[in-house]
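What follows is the residue order along each chain.
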Amino acid sequence: MLLRKPFDGINDLLHMLHEHDVITPMITGKGEQSLQTSLDALGLNDQFDPVMSGSPDGSIKSQQFAQVLKQYDQPKEQMAYIGDATADIEACQNAGITCYTAAWSINAKPDEMEKLNPGNVFTSVEQLRDKLLES
């Protein structure tokens, strides 16, 4: 399935985060060109800062998390990453940050993800929004 627009509620969630002055980086394993194509297609070019693409040498998310924390002079406890794959959970665990798993796509396997990331798997954007509002 090709995603042609953000999942319902994503734009509202991003707006809410920005209203609360939450730093919203984009850290992904996608290559730079693929990432830019996706952001363009989804109309999300101005929603993330900084934007960090993947590396042909393998996963570098843990290092990128550390870069963002250093750039904004924040402790690990203040960062959470929203991912949708087991590799995201592992990268967060390696970096010592919280991972919230987005399990709302039709291909998501929330039961499997829950085993890896107990209590932090969300099957709707609204569930995630509610969690973020209570934090």
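Before going into details, it helps to say that this report is about the structure given with it. From a predicted model like this one, the values you see are computed outputs, not experimental measurements. (Residues numbered from 1 in each chain as written. Predicted model: local features only at pLDDT ≥ 70, side-chain atom pairs only at ≥ 80, totals over all residues. Heavy atoms only, no water.)

1. Focus: the packing of helix α3 (residues 61-71) against helix α4 (residues 86-95)
It is at 8 Å that the axes of α3 and α4 come closest, and there the two elements cross at 50°. Judged on the interaxial angle alone, α4 and α3 are oblique. As for the relative orientation of α3 and α4, their crossing is right-handed in sense. Contacts between α3 and α4 involve K61, S62 and F65 from the former and D88, A91, C92, N94 and A95 from the latter. (Axes fitted to C-alpha atoms, helices over the stretch in contact; angles between N-to-C directions. Helix = DSSP H or I, 4+ residues; strand = E, 2+ residues; numbered from the N terminus. Parallel < 35°, antiparallel > 145°, perpendicular 65-115°, else oblique. Left-handed = near helix turned anticlockwise from the far one by under 90°. Contact = heavy atoms within 4.5 Å.)

2. Some details on the pairing of strand β3 (residues 80-83)
Residue alternation in β3 divides its side chains into a buried set, Y81 and G83, and an unburied set, A80 and I82. Pairing between β3 and strand β4 (residues 98-102): four bridges, direction parallel. Residue pairing across strands places G83 opposite T101, the latter belonging to β4. Taken together, β3, α4 and β4 constitute a β-α-β crossover, and its handedness is right-handed. (Buried < 20%, exposed > 50% of the residue type's maximum accessible area, 1.4 Å probe, protein only. Pairing = 2+ DSSP bridges. Right-handed = clockwise from strand over helix to strand, strands pointing away.)

3. With respect to the packing of aromatic side chains
A complete count under the given rule lists three aromatic pairs for this structure. Judged by centre distance (5.7 Å) and plane angle (75°), the ring pair of Y100 and F122 falls under edge-to-face. Here Y100, found in strand β4, pairs with F122, found in strand β5 (residues 121-122); they are 22 residues apart in sequence, far enough to count as distant. The exposure class of F122 is buried, given its relative accessible area of 7%. (Phe/Tyr/Trp six-rings, centres within 6.5 Å; stacked < 30°, edge-to-face > 60°.)

4. Some remarks on the nonpolar core
Among the nonpolar cores identified, the biggest contains 18 residues, and L13, L39, L44, F48, W104, L128 and L132 are the most heavily contacted of them. Those elements that place two or more of their residues in this core are α1 (10-19), α2 (32-42), β4 and α6 (125-134). Element by element, the count of residues in this core is highest for α1, at five residues. Not counting residues up to four positions away in its chain, the partners in contact with L39 are M26, L44, N45, F48 and V51. In terms of nonpolar packing, the next biggest core, distinct from the first, is built from 16 residues, L69, I89, C92 and A103 among them. (Core = buried A, V, L, I, M, F, W, Y, C linked by side-chain atoms within 4.5 Å.)

5. Thoughts on the environment of L44
Within the secondary structure, L44 is located in the loop between α2 and β2 (51-52). Discounting residues that sit within four places of it in the chain, L44 has contacts with P6, N11, L14 and L39.

6. Regarding the state of the cysteines
A full pass over the atoms with the stated rule returns zero disulfides. We note that C92 lacks a disulfide partner, and the nearest cysteine sulfur, in C99, lies 3.8 Å from it. By relative accessible area, C92 is classed as buried at 1%. Given a relative accessible area of 5%, C99 falls into the buried group. (Disulfide = S-S within 2.5 Å.)

7. Brief notes about the pattern of salt bridges
Overall, the coordinates contain four salt bridges when judged by the stated rule. Salt-bridge contacts for K5 lead to D8; the nearest nitrogen and oxygen are separated by 3.1 Å. Taking the relative accessible area as the measure of exposure, D8 reaches 59% and is therefore exposed. Across the pair D88 and K61 runs a salt bridge, and its minimum N-O distance is 2.2 Å. With D88 in helix α4 and K61 in helix α3, this pair connects stretches of sequence that are 27 residues apart. (Salt bridge = Lys/Arg side-chain N within 4 Å of Asp/Glu carboxyl O.)

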